[in-house]
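Structural overview for review
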Amino acid sequence: MRLSLTGGPLLLILVISGVVAEEVLPPTIQKLMKGYNKYLRPFFGDGPVTVGMSLDIASIDTISEINMDYTATIFLRQRWTDERLVFEGNKSLSLDGRLVELLWVPDTFIVDSKKSFLHDITVENRLIRIFPNGTVLYALRITTTVACNMDLTKYPMDRQTCTLQLESWGYNVKDVVFYWTRGNQSVSGLDTLQLAQYTLEDYYTSEAEAVYETGNYPKLIFHFRLKRSILYFILETYVPSSALVVLSWVSFWISQSSVPARICIGVTTVLTMTTLMMGARTSLPNANCFIKAIDVYLGICFSFIFGALIEYAVAHFCTLHQPNAAHAYMYGQEMQEREDEMNGIVTSIGGSHALRSRKREEVLSRTGSTGSPTHSLPKDSEVAGSPSVGGGIPSDQRGRCARTMSMAGRVARFLYCCRVENPHYIDNYSRLSFPLSFVFINLLYWTYYLYF
């Protein structure tokens, strides 16, 4: 048979490479590979093959709250027994990682992985080792980005629990069984792990089964709990926002007549607080349903700063509307009384009372009534026939009207009690009430978010 000009050289190269490969492989490997079918799992038809796993966490590079994921570099080691690879001897065979293409390996994948890659500098970072009893050790160096659902309601005083889940893609529990080789000790490298904003609190391993429509599949889960370091946020957010609140209180000690100074302090602190609030959200998801702890604190600080600005507006308004006319009237009355006393005209209390009585009788006489109680009460026939009394209004409407008038009177009395006789007292009260309120709310805030 003659080879074509195009396909002949390629086929010749493949034949030569296969012959060379067989000659390069040691006799032990050639004997193992003779009749070996990598498309059939070990113990095919005789029960599942057990695969033990262990992890070595080399690093956790980033933990992103925006994307809710973390990126880690891990060494994944898998062990299983293949009865077809048993050979005589007492030494293991360490093979080139590229020879893994000739063997059956588990189809393990990382659940919730967004992107992963196998390191290949300078060669693919894979290790294959075969022991005399047929045990195969297969190790990989992988960098993966895994999703992690985070609860940010207590951010930045939060604790997050993330997982790394390993499953079999195509073999169900009847074909493959996964297990951790040493329980919780199967994961190493965490004791020396250094993270930027977190400290590792706890970690543990577990085994489970993933249930899908196509069957039940083996699953191994590695859980690790992270606690966020709050010192950075205290220096970056909490201290500046509290300092702005204290700065807004300086206006309480400035004279109310210094309008530009107090307005400048109020507006500057409000704008600075707004900028701080916007900067605190740059490292967080733009759209989420979380009301975070840092948002609550910044909202509290903004309320106090805005309240200090409103306080000056109220005090200045009361100063402009001070009842000076009433004071002038009272001063004029006092001067008139002194002048009357100098002229010998003294008004007695009894005389004034008699004068008021006469005025009252004159008013009652104009309305056709007298001071006698018997004359002030109309007769039943007059009440029934006169449209002026009751005016045909039902009793329930008169009752509602009376209740409304009573309520309005209570509100008026309350507002009268809350009147400000001296606008300068507003600043005096604010100097004490604002700091005490801020300290009290801080105690409630830190107690709730740190201990509940």
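Refer to the structure presented above.
Overview of the structure. Values in this document were obtained by computation on a predicted structure and should not be read as measured data.

Next up on the list: the overall build of the protein. Per the secondary structure count, the protein includes eleven helices and twelve strands. Within the protein, the fraction of its 452 residues that count as buried is 31%. By sequence separation, contacts in the protein at least 24 residues apart represent 77% of the contacts at least 6 residues apart. Put simply, the protein shows about 28900 Å² of open surface, and 61% of that area lies on carbon and sulfur atoms.

Mapped onto the secondary structure, Thr73 falls in strand β2 (residues 69-81). Discounting residues that sit within four places of it in the chain, Thr73 has contacts with Asp56, Ile57, Ala58, Ser59, Asp61, His119, Arg141, Ile142 and Thr143.

On to helix α11 (residues 424-451). Compared with an ideal rise of 1.5 Å per residue, which puts 28 residues at 40 Å, α11 spans 41 Å between its outermost C-alpha atoms and is within 8% of the ideal. Along α11, the positions that sit buried rather than exposed are Ile426, Asp427, Ser430, Phe434, Phe438, Asn442, Tyr445 and Tyr449. Where the residues of α11 are buried, they touch α3 (231-248), α4 (259-280) and α5 (293-320).

Next up on the list: the pattern of salt bridges. Applying the stated criterion across every chain yields a total of 15 salt bridges. Here Glu201 makes a salt bridge to Arg225, at a shortest N to O gap of 3.2 Å. Taken together, the positions of Glu201 in strand β11 (residues 198-212) and Arg225 in strand β12 (residues 215-228) put the pair 24 residues apart, joining distant regions of the chain. Taking the shortest distance from any N to any O, the salt bridge between Asp427 and Arg262 comes out at 2.9 Å. With Asp427 in helix α11 and Arg262 in helix α4, this residue pair connects regions lying 165 residues apart in the sequence. Exposure remark for Asp427: the relative accessible area of 4% places this residue in the buried category. Judged by its relative accessible area of 2%, Arg262 is buried. Overlapping salt bridges, with partners in common, bring together Glu65, Asp158 and Arg228 in one network.

Here, disulfide denotes a covalent bond that connects the sulfur atoms of two cysteines. Counted by the stated rule, this structure contains one disulfide. Residue Cys148 pairs covalently with Cys162 via a disulfide, S to S 2.0 Å. Taking the sign of the S-S torsion, about -85° here, the bridge from Cys148 to Cys162 comes out left-handed. One end of the pair, Cys148, is in the loop between β7 (135-147) and β8 (159-168); the other, Cys162, is in strand β8, and 14 residues separate them in sequence. Each member of the pair Cys148 and Cys162 is classed as buried.

All right, on to α3 then. When the terminal C-alpha atoms of α3 are compared, their 25 Å separation across 18 residues agrees well with the 26 Å that a helix rising 1.5 Å per residue should span. A maximum bend of about 30° is found in α3 at Tyr238, where proline Pro240 lies one to four positions downstream. As for α3, its buried residues are in contact with β12, α4, α5 and α11.

The next thing to look at is the packing of aromatic side chains. This model, assessed by the stated rule, comprises 25 aromatic pairs. For the ring pair Tyr297 and Trp446, a centre distance of 6.1 Å and an interplane angle of 55° mean the geometry is tilted. Here Tyr297, found in helix α5, pairs with Trp446, found in helix α11; they are 149 residues apart in sequence, far enough to count as distant. On the basis of an interplanar angle of 75° and a centroid distance of 6.2 Å, the ring pair of Phe304 and Phe434 is categorised as edge-to-face. A residue pair is termed long-range when its members are at least 10 positions apart, and Phe304 in helix α5 and Phe434 in helix α11 qualify at 130 residues. The pair Phe304 / Phe434 is uniform in exposure class, with both members buried. Feature note: the residues Tyr238, Tyr297, Tyr445, Trp446, Tyr448, Tyr449 and Phe452 constitute an aromatic cluster, connected by ring pairs. The ring of Tyr36 carries Arg84 above its face, with NZ or CZ at 4.3 Å from the centroid.

A few words on a nonpolar patch on the surface. Together, Tyr448, Leu450, Tyr451 and Phe452 make up a nonpolar patch on the protein surface, roughly 540 Å² of accessible area in all. Within the element layout of this structure, Tyr451 appears in helix α11. Owing to a relative accessible area of 66%, Tyr451 belongs among the exposed residues under this scheme.

Conventions we followed
Here the residue index of a chain counts from 1 through its sequence in written order. Selection of residues for local features in this predicted model requires a pLDDT of at least 70, selection of side-chain atom pairs for listing and counting requires 80 or more, and totals for whole chains, interfaces and linings are taken over all residues. Only heavy atoms go into the side-chain values, all of them from the structure, while hydrogens and water stay out. Each helix is a run of H or I in the DSSP string that is no shorter than four residues. Each strand is a run of E no shorter than two, and both are numbered from the N terminus. Think of it in three bands: residues with accessible area under 20% of the maximum for their type are buried, residues over 50% are exposed, and the middle band is partly exposed, with areas taken using a 1.4 Å probe on protein chains only. Residues count as neighbours in contact if any of their non-hydrogen atoms are within 4.5 Å of one another. The Shrake-Rupley method, run with a 1.4 Å probe sphere, supplies the accessible areas, and residue values consider only the shown protein chains as cover. In a helix, the anticipated span is given by 1.5 Å times the number of residues less one. By definition, a salt bridge exists where a carboxyl oxygen of Asp or Glu is found within 4 Å of a side-chain nitrogen of Lys or Arg. The definition used for a disulfide is geometric: two cysteine sulfur atoms within 2.5 Å. Bend, in this description, refers to the angle at a residue between axes fitted to the seven residues ending there and the seven starting there. Aromatic rings from Phe, Tyr and Trp, with only the six-membered ring used for Trp, were paired whenever their centres fell within 6.5 Å, and each pair was classed as stacked if the ring planes differed by under 30 degrees, edge-to-face if by over 60, and tilted otherwise. Comment: the charge-over-ring label is applied if NZ (Lys) or CZ (Arg) is within 6 Å of the ring centre and within 35 degrees of the ring normal. Each patch is assembled from residues with relative accessible area greater than 30% and no salt bridge, linking like charges that lie within 9 Å and nonpolar side chains (Val, Leu, Ile, Met, Phe, Trp, Tyr) that lie within 5 Å.

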